[in-house]
Amino acid sequence: MESPAKEEAGGELAMEIESSVTAEDWRRALSRVVPSVVVLRTTAPRAFDTEVAGASYATGFVVDKARGIILTNRHVTKPGPVVAEAMFVNREEIPVYPLYRDPVHDFGFFRYDPGAIKFLKYDEIPLAPEAASVGLEIRVVGNDSGEKVSILAGTLARLDREAPYYKKDGYNDFNTFYMQAASGTKGGSSGSPVVDCQGRAVALNAGSKSSSASAFFLPLERVVRALNLIRDSWDAFGTKPESVYIPRGTLQATFQHKGFEETRRLGLRNETEQMVRAVSPAGETGMLVVDSVVPEGPAHKHLEPGDVLVRINEEVVTQFLRLETLLDDSVGREIDLQIERGGVPFTVKLQVEDLHSITPNHFMEVSGAVIHPLSYQQARNFRFKCGLVYVAEAGYMLSRASVPRHAIIKKLAGEDIAHLDDLIAVLSKLSRGSRVPLEYVKYTDRHRNKVHVPPVCMLDGVHSQHFFGTGVIIHHSDNLGLVAVDRNTVAVSISDIMLSFAAYPIEIPGEVVFLHPVHNFALVAYDPSALGVGASVVRAAKLLPDPALRRGDSVYLVGLSRSLQATSRKSIITNPCTAVNIGSADCPRYRAINMEVIELDTDFGSTFSGILTDEQGRVQALWASFSTQLKYGCSSSEDHQFVRGIPIYAISQVLEKIISGTQAPFRLINGIKRSMPFVRLLEVELYPTLLSKARSYGLSDNWVQALAKKDPVRRQVLRVKGCLAGSKAENLLEQGDMILAINKEPITCFLDIEKACQELDQSMGSDGVLSMTIFRQGKEIDLVVGTDVRDGNGTTRMVNWCGCIIQDPHSAVRALGFLPEEGHGVYVARWCHGSPVHRYGLYALQWIIEINGQPTPDLETFIQVVKGLEDGEFVRVRTVHLNGKPRVLTLKQDLHYWPTWELSFEPETATWRRRTIKALQTTTV
């Protein structure tokens, strides 16, 4: 019996339905439906596309008795090979064969021989997509949870639900609405008809969410179109076709239906919204917005996420059904799309592609591996272009080479592999037992990795969990080994590191002991005793910090291949003092600033790192990888890397302080306390300007001559790009200032400023300030500017609260030049799916400045504030985004699944410790 509250919630609609539909109506309808529903037993003999090999059961139903056509889900008919049988309600079992599976939407058809059914009387179930409406009482008839026949009741609650998201590397439907009802379907009910009281199918059951007993139904409009085309094709041929062609068009772009409140936030103009509302059907609540675009598809570089679709061929399009109708009717032809991007209208002309042409229909099997062209489904999941050579199953040969499922093969035997035919051609030339190199990429990890960052510890904007690179041993003794490596390999201090040595075949753990706050290098320590007998084979490189490399010098670029084989080549220094210029990433992360690097005439490409040596093998520079982000248009960006040389003198200075230092702070390394250096910095981002350009800004001839005399090679002056927020230089130096001198000595390069800072540490009684002469807006000005002292520990403390990772703002955030005025705040670095912050929209890239009206200027204060919050309590959070936009939101704390905890590093014990701050208290009775 329903509760009074539920009866009241149903209101007049529920009473009307109850009075018009009787139990006898449902009995008659179901007596017609049940005989037409079949249990499908399917076997996928090979992995293919999104599916693995295996056996399963599901449901289907007859939609054309005369022709023998059964409707079910796409994930039941499978995208690849399938063997299937259908069992009717009277236990008659017959073989069925795939007739059509849609490339995108979750429906497909099996065919069978109607004459094979000898004893059962049954009819086809008519399809009535127009009958679906909110509040409609329905029955889901099928094979639920392994039962022969199961009938579940429900009511259609939504007709415009987003397509369900099943897997990041599997099948997902898109560019369609789904229906939703609380019918509680489970495994085996896939492909069940969703029928009304007249026995008509109004939807197709596709999936469910067990945690909320929600079922997801596919609308039938596109199913009806496909079925009618199959019938037409059948009649045209006069015989039963093995398969049929259903015209399907695509732009290789995914759209989402967003409400008008969201499209306005995306920049939709008021006049456009008024026009759309006026011409759209009554009740329209939103528009279609681009969510993603597949690389190198028709829409690539034309459409971007966030673009709002207004018209196609002058017709206003706000619904998926009309969008797909236009695309399916325009295969091979151009269409005009009117788009608004950030409030700016424009029109693009795109060629509609045949969706079947990018849907694989063949595969190659070799030594147990199943390989075929990458499908649109997986290209969309993996952000690769369609048609690449995709490993659906690794088999014996590829597994031995550690090639995983979902890998993309790029090269074999030194030859590029762009298509499956290329791979077949290379394999056909190889004899049995041949060993050849193979290169591949994987969507989760485009490099073969040695450094792992746990996902809960992805601090400081680190953009990946896995990194791989080459380092150089700069110290090796009985109790301490140190390796220098770039910060594109070791991004944060909280990392799991494995070191593989070229001199001795062993892999041992390492730990990050120093991260330079500005320069692109880190030091990793290891325990030499872990090398065993290899400790006597491994040795440190000889460092040659002086003299500095000059243009035209010959050096040897030495590094390791992926198989740890030494690789080298002789190169010429083309520029020993190129200033690094790396812009801030969308998600601020470490980037090298105020650095001069070395350029060579030839190297081994952007992924090869190592060292530069002289003829005696003495190390003069670290050949390091730098991380950067290339931006395309307004909202698209891509991570890239390049390699340059870092002079070894900066690394050797840090090494000397660690080995011979006796002053605090100390850190435990391999059980021994070591002195760790501080780094004094002028926390200002600088860039060089040629003196010829500086003269045009009004710099006097005297200063031009003085700077040119000081440095006739560079012939430049340093200018201020910006001060790090919260630094002692902030509010003293301004953007565009030219730094002419420190303590009356001309300044021409970054090294001059570093030396001036080092002299402050060496002078007794220094107050840590620099006497600077600058040029600002036509005037020379003398200033006293403070410096800042930083350690090499990186971020050593974080808090996980309500599912977001919180830390003090790291240097890459402060380099943006902005901190909230309200006493600063703590920075949200990451958030977790399914957490309270996910539910209520507290995402990364913003500061939390208040909790329930209490300021949270730093991490310690934040901990004290949240410590007093209780489970289930609604919390008012005040935030400021990186762009300076303030916001107030509320979220409900859930200490059962998301307790508050802290992770911090203790240098005295060299351990990271997790401490629970607040969790749900439980009692035992």
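In this text, all values refer to a predicted model and were calculated from it rather than measured experimentally.

J.: Explain the sheet that holds strand 2 (residues 54–64) to me, using residue names and the numbers behind them.
T.: The strand order around the closed barrel built from 6 strands is 1-2-3-6-5-4, with neighbouring strands paired in antiparallel fashion. The mean inter-strand angle of the sheet, taken between neighbouring strand axes irrespective of direction, is 40°.

J.: Can you explain the UniProt feature "domain: PDZ" (unreviewed entry) in the protein chain? Please cite residues and give values.
T.: Here, UniProt's "domain: PDZ" (unreviewed entry) annotation points to residues 264–343, 695–778 and 814–883. As a span, residues 264–343 carries 26% helix and 29% strand, and end to end its C-alpha atoms are 9 Å apart. Note that residues 695–778 is 30% helix and 27% strand, and that its end C-alpha atoms are spaced 11 Å apart.

J.: Give a description of the packing of aromatic side chains that names residues and reports values.
T.: Summed over the entire model, instances satisfying the criterion amount to 17 aromatic pairs. On the basis of an interplanar angle of 75° and a centroid distance of 6.0 Å, the ring pair of Phe-107 and Phe-109 is categorised as edge-to-face. The buried category is assigned to Phe-107, whose relative accessible area is 1%. What makes Phe-109 buried here is its relative accessible area of 0%. Ring geometry for Phe-626 and Phe-642: centres 5.2 Å apart, planes at 5°, overall stacked. In this pair, Phe-626 sits in strand 38 (residues 619–632) while Phe-642 sits in strand 39 (residues 636–647), placing the two residues 16 residues apart along the sequence. Relative accessible area serves as the criterion here: at 1%, Phe-626 is assigned to the buried category.

J.: Pulling in residues and values, what's your account of unusual backbone geometry?
T.: A cis amide bond, omega -5°, links Asp-546 with the succeeding residue Pro-547. With respect to the secondary-structure elements, Pro-547 resides in the loop between strand 33 (522–526) and strand 34 (554–560). Its identity as a non-glycine residue notwithstanding, Cys-802 has a phi of 55°, on the positive side. Relative to the helices and strands, Cys-802 is located in the loop between strand 50 (797–801) and strand 51 (804–807).

J.: A description of the environment of Trp-831 should follow, citing residues and the corresponding values.
T.: Here Trp-831 shows up in strand 52 (residues 826–831). Take Trp-831: its relative accessible area is 30%, and that puts it in the partly exposed class. A sequence separation of 464 residues divides Trp-831 from Ser-367, and the C-alpha atoms of the two residues are 42 Å apart.

J.: Describe the pairing of strand 19 (residues 344–351), with residues and values.
T.: The side chains of a regular strand alternate between both faces of the sheet. When strand 18 (residues 334–341) meets strand 19, the two strands line up antiparallel, connected through 8 bridges. The residue of strand 19 that forms the bridge with Glu-340 is Pro-345. Where strand 18 hands over to strand 19, the hairpin turn is made up of 2 residues, of which Gly-342 adopts a positive phi near 60°.

J.: Could you give me a rundown of the side chain of Gln-893, with the residues and numbers involved?
T.: Tracing the sequence through the fold places Gln-893 in the loop between strand 56 (886–892) and strand 57 (900–906). For Gln-893, the side chain forms a polar contact with the side chain of Trp-801, separated by 2.9 Å.

J.: For the environment of Cys-749, give the residues involved together with the corresponding values.
T.: Here Cys-749 shows up in the loop between strand 46 (745–746) and helix 14 (750–762). Classification of Cys-749 as buried rests on a relative accessible area of 4%. When the C-alpha atoms of Cys-749 and Thr-879 are compared, they prove to be 39 Å apart, with 130 residues separating the residues in sequence. With residues near it in sequence (within four places) discarded, Cys-749 still touches Glu-596, Arg-714, Gln-716 and Leu-718.

J.: Run through the side chain of His-257, naming residues and quoting values.
T.: Positionally, His-257 belongs in strand 14 (residues 253–259). Side chain to side chain, His-257 and Glu-284 meet in a polar contact 3.1 Å long. At 3.5 Å, the side chain of His-257 forms a polar contact with the backbone oxygen of Thr-318. Other than its neighbours up to four places away in sequence, His-257 contacts Phe-177, Glu-284, Thr-285, Gly-286, Met-287, Leu-288, Thr-318, Gln-319 and Phe-320.

J.: So what about the nonpolar core? Which residues, and what values?
T.: By size, the foremost hydrophobic cluster in this structure holds 39 residues, and its most contacted members are Trp-801, Ile-806, Ile-848, Ile-851, Phe-862 and Val-877. Elements with a minimum of two residues in this core: strand 50, strand 51, strand 52, strand 53 (846–851), helix 17 (859–866), strand 55 (874–881), strand 56 and strand 57. The element that contributes the greatest number of residues to this core is helix 17, accounting for 5 residues. Once residues within four sequence positions are removed from consideration, Ile-851 is found in contact with Trp-801, Thr-856, Phe-862, Val-865, Leu-869, Val-875, Arg-876 and Val-877.

J.: Lay out helix 14 with the relevant residues and their values.
T.: With 13 residues, helix 14 extends 19 Å from end C-alpha to end C-alpha; this agrees with the ideal 18 Å at 1.5 Å per step. Where helix 14 is concerned, the buried positions are Phe-750, Asp-752, Ile-753, Ala-756, Cys-757 and Leu-760.

J.: Hey, could you go over the packing of helix 4 (residues 221–237) against helix 7 (residues 320–328) for me, with residue numbers and the actual values?
T.: With their axes 11 Å apart at the nearest point, helix 4 and helix 7 run at an angle of 30° to one another. By the angle between their directions, the pair helix 4 and helix 7 is classed as roughly parallel. Each of Glu-221, Arg-222 and Arg-225 in helix 4 lies in contact with helix 7, whose residues at this interface are Leu-321, Glu-324, Thr-325 and Asp-328. A per-class count over the contact of helix 4 with helix 7 returns 1 nonpolar, 1 polar and 5 charged.

Cut-offs and rules
- Position numbers for residues count from 1 along each chain, tracking the sequence in the order it is written.
- Only residues with pLDDT of at least 70 get local features here, since the model is predicted, and only at 80 or more are side-chain atom pairs given and counted; chain-wide, interface and lining totals rely on the full set of residues.
- Only hydrogens and water are set aside when side-chain values are computed; all heavy atoms of the structure are taken into account.
- Here, strands pair whenever DSSP counts at least two bridges between them.
- Here a helix means four or more residues in a row that DSSP labels H or I, a strand means two or more in a row labelled E, and each is numbered from the N terminus.
- All axes here are fitted lines through C-alpha atoms, helices being fitted over the stretch that makes contact, and every angle between N-to-C directions spans 0 to 180 degrees.
- UniProt positions are given in the numbering used here, feature names are shortened, and annotations may be inferred rather than shown by experiment.
- Two rings belonging to Phe, Tyr or Trp (six-membered ring only in the last case) form a pair when the distance between their centres is within 6.5 Å. Interplanar angles under 30 degrees mark stacking, angles over 60 mark edge-to-face geometry, and anything in between is tilted.
- Only protein chains enter the accessibility calculation, which uses a 1.4 Å probe. A residue is then buried if its area is under 20% of the maximum for its type, exposed if over 50%, and partly exposed in between.
- We call two N or O atoms a polar contact when they sit within 3.5 Å, provided that within protein one can donate a hydrogen and the other can accept it, with sequence-adjacent residues counted only if both atoms are side-chain atoms.
- When checking whether two residues touch, look at their non-hydrogen atoms; a contact exists if any pair is within 4.5 Å.
- In this description, a nonpolar core means a group of buried Ala, Val, Leu, Ile, Met, Phe, Trp, Tyr and Cys residues linked to one another through side-chain atoms lying within 4.5 Å.
- Given the number of residues in a helix, its expected span is that number minus one, multiplied by 1.5 Å.
- Roughly parallel here means an angle under 35 degrees, roughly antiparallel means over 145, roughly perpendicular means 65 to 115, and every remaining angle is called oblique.
- The residue classification treats Ala, Val, Leu, Ile, Met, Phe, Trp, Tyr, Cys and Pro as nonpolar and Asp, Glu, Lys and Arg as charged. All others, Gly included, are polar.

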